[in-house]
Amino acid sequence: MHFYERVYAVVEQIPPGRVTTYGLIADFLALGSARMVGWALNQSHKSGLDIPAHRVVNRKGELSGRAHFPGEGVMQQRLEAENIEITDHRVKDFEKLLWIPSEHLL
DNA sequence: GTCTTGACTTCGG
DNA sequence: GCCGAAGCCAAGA
């Protein structure tokens, strides 16, 4: 079990309409570095798995990973499809929609 | 083997 | 509140 497989497991648990951050996932899995989460998700498309990576944003609620999606604006569209409002590449009411792994997973 | 590069975060100024 | 620097750690060159 590589660390990125655990990242996928957590990301898959994020409920639709909610978001979480790289740092929270890194902390919950004790990865020691939030960058590893982003790196893991970068590999996710390669794994052929369907990971809802659009629900993972940086600590400010910005869609920092949008550039790595297949098309332009794909990340935002997927979030809007879950009733999450995006303004200027940021999640509206980010703090309210924030889903904290440690409060829901063990 | 070292060096660079990040879908990041925190701290000092 | 906004920079710049540093810390972080796994790939890829």
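Keep in mind it's a predicted model, so treat the numbers as computed, not measured. (Residues numbered from 1 in each chain as written. Chains lettered and ligands numbered in written order. Predicted model: local features only at pLDDT ≥ 70, side-chain atom pairs only at ≥ 80, totals over all residues. Heavy atoms only, no water.)

**Notes on the protein's contact with DNA strand B**
Filter applied, for reference: To be near a molecule or strand, a residue needs just one of its heavy atoms within 4 Å of it. Contacts described as polar in this section are N or O atom pairs within 3.5 Å, which, within protein, must combine one atom able to donate a hydrogen with one able to accept it, while residues neighboring in sequence count only if both atoms come from side chains. Secondary structure follows DSSP: runs of H or I at least 4 residues long count as helices, runs of E at least 2 residues long count as strands, and numbering of each begins at the N terminus. By the convention adopted, Pro, Cys, Tyr, Trp, Phe, Met, Ile, Leu, Val and Ala count as nonpolar, Lys, Arg, Asp and Glu as charged, and the other residues, Gly among them, as polar.
In the vicinity of DNA strand B, 17 residues are found, and the nearest of them are Arg35, Gly38, Asn42, Arg59 and His68. At the protein interface, 41% of the atoms of DNA strand B within 4 Å belong to sugar or phosphate. Gly38 places a polar main-chain atom, nitrogen or oxygen, 2.9 Å from a base nitrogen of DNA strand B. The side chain of Ser64 places a nitrogen or oxygen atom 3.2 Å from a phosphate oxygen of DNA strand B. Broken down by secondary-structure element, the contributors of at least two residues to the surface near DNA strand B are α2 (22-28) and α3 (35-47). With six residues, α3 is the largest single contributor of residues to the surface near DNA strand B. Taken together, the residues of the surface near DNA strand B sort by class into six nonpolar, nine polar and two charged.

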